[in-house]
Amino acid sequence: MLFRSIWGPNGATHILIEETPRRAIVKSRLGAALPTCTSATGALFVAFLPRNVTQHLVDQELASAARSLAELKEKHETFEALLSAIRKRRMSRVMGDFAPGVHALGAPIFDHTGAIVATITILAAAGEFDPSFNGPFAKRLSEAAKSISLKMGWTDGTAQDRKSTRLNSSHT
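So, how was this worked out
- Just so you know, the residues in each chain are numbered from 1, in the order the chain's sequence is written.
- Given that the model is predicted, a residue must reach a pLDDT of at least 70 before its local features are reported, and side-chain atom pairs must reach 80 or more before they are shown or counted; all residues, however, enter totals for whole chains, interfaces and linings.
- Excluding hydrogens and water, the side-chain values take into account all heavy atoms of the structure.
- Any carboxyl oxygen of Asp or Glu within 4 Å of a side-chain nitrogen of Lys or Arg constitutes a salt bridge here.
- Comment: elements are numbered from the N terminus, with helices defined as DSSP H or I runs of at least four residues and strands as E runs of at least two.
- For the exposure calls, accessible area comes from a 1.4 Å probe over protein chains only, and a residue counts as buried if that area is under 20% of its type's maximum, exposed if over 50%, partly exposed in between.
- Take the number of residues in a helix, subtract one, and multiply by 1.5 Å to get its expected span.
- Directions pointing from the helix axis toward each C-beta atom define the arc.
- Working rule for contacts: check all heavy atoms of both residues, and any pair within 4.5 Å makes them a contact.
- For two strands to be treated as a pair, DSSP must find no fewer than two bridges joining them.
- Between the N-to-C directions of two axes lies an angle of 0 to 180 degrees, each axis being a line fitted to C-alpha atoms and, for a helix, fitted only over the stretch in contact.

Asks: I keep staring at the pattern of salt bridges and nothing clicks. Help me out?
Replies: For side chains of opposite charge, pairing can occur when their charged atoms come near one another. Considering all chains together, one arrives at four salt bridges under this definition. Taking the shortest distance from any N to any O, the salt bridge between Glu80 and Arg51 comes out at 2.9 Å. Of the two residues, Glu80 sits in helix 3 (residues 69-89) while Arg51 sits in helix 2 (residues 51-65), which places them 29 residues apart along the sequence. Judged by relative accessible area, Glu80 falls into the partly exposed class, the value being 22%. Residue Arg51 is classed as buried on the basis of its relative accessible area of 5%. A salt bridge links Arg67 to Glu71; the shortest N-O distance between them is 3.7 Å. According to the relative accessible area criterion, Arg67 is exposed, its value standing at 75%.

Right, here's the structure in full:
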């Protein structure tokens with residue numbers, strides 16, 4: 001399955017779902033909001049949007065999964081490390097975190113200002129595609145996201161990546 005998503009009032013939200021001929025592994029619908037921390041799509045938005053836009057959802061999701069303050073602190077630290085890796089790679093991946101046995105790869109789409117405006121995410125059952133960051137699906141996904149971003153006026157993103165990293169890391 002291929003999903004295109006935007007950031008909506010309730011977080012990452014599907015705006016296009018393209019089915020594949022393979023069996024459906026996850027049921028989703030247009031307008032569905034995704035988890036912020038455990039979905040490839042949600043994590044992409046958190047990595048590239050300003051912290052003040054996403055933090056309330058991150059805090060809610062991590063707090064609901066933590067059993068103690070120490071565990072909550074650890075979850076925040078682990079998630080921050082993940083966000084740093086996503087920014088460097090410009091790609092996110094989950095391997096069964098959101099739905100057991102389901103892998104996803106996602107890539108950001110940037111506009112002319114370098115701001116993230118959408119994502120593209122591939123989702124498939126474990127064993128149906130190579131979820132590695134250097135694999136053929138990741139390369140095609142990255143190329144598609146870059147192509148769409150260029151059509152939207154994005155040039156390289158280097159300046160915005162530095163700005164995004166500064167905005168996100170200034171409120172830890």
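Now that the structure has been shown, the text picks up again.
Asks: Got a minute to help me understand helix 4 (residues 136-151) in this structure?
Replies: Structural remark: α-helix, 3.6 residues per turn; residues separated by three or four positions point the same way. Here helix 4 is 16 residues long and its end C-alpha atoms lie 23 Å apart, about the 22 Å a rise of 1.5 Å per residue gives. All of the buried residues in helix 4 are Ala138, Leu141, Ala145 and Ser149. The buried residues of helix 4 occupy an angular sector of 70° when the element is viewed end-on, so they sit on one face. For helix 4, exposure combined with an orientation more than 90 degrees from the buried face picks out Arg140, Glu143 and Lys151. As for helix 4, its buried residues are in contact with strand 4 (102-110) and strand 5 (116-125). Within two residues after helix 4, Gly153 carries a phi angle of roughly 95°, on the positive side.

Asks: Can you walk me through the pairing of strand 2 (residues 11-18) in this structure?
Replies: On any regular strand, side chains alternate: one points to one face of the sheet, the next to the other face. Strand direction decides the pairing type here: strand 1 (residues 2-8) and strand 2, joined by seven bridges, are antiparallel. From the neighbouring strand, Ile6 faces strand 2, where its bridge partner is Thr13. Linkage of strand 1 to strand 2, two consecutive antiparallel strands, is achieved through a turn of two residues.

Asks: Teacher, can you tell me more about the sheet that holds strand 3 (residues 92-95) here?
Replies: Consider a sheet: its strands pair through backbone hydrogen bonds, and that pairing is either parallel or antiparallel. Reading across from one edge, 2-1-5-4-3 is the order of the five strands in this open sheet, with antiparallel pairing throughout. Bordering the open sheet on either side are strand 2 and strand 3, each of which pairs with just one other strand. Geometrically, the sheet is characterised by an average inter-axis angle of 25° between neighbouring strands, direction not taken into account. Against the sheet, helix 4 makes contact with strand 4 and strand 5, and its axis sits at roughly 25° relative to strand 4, the strand it touches most.

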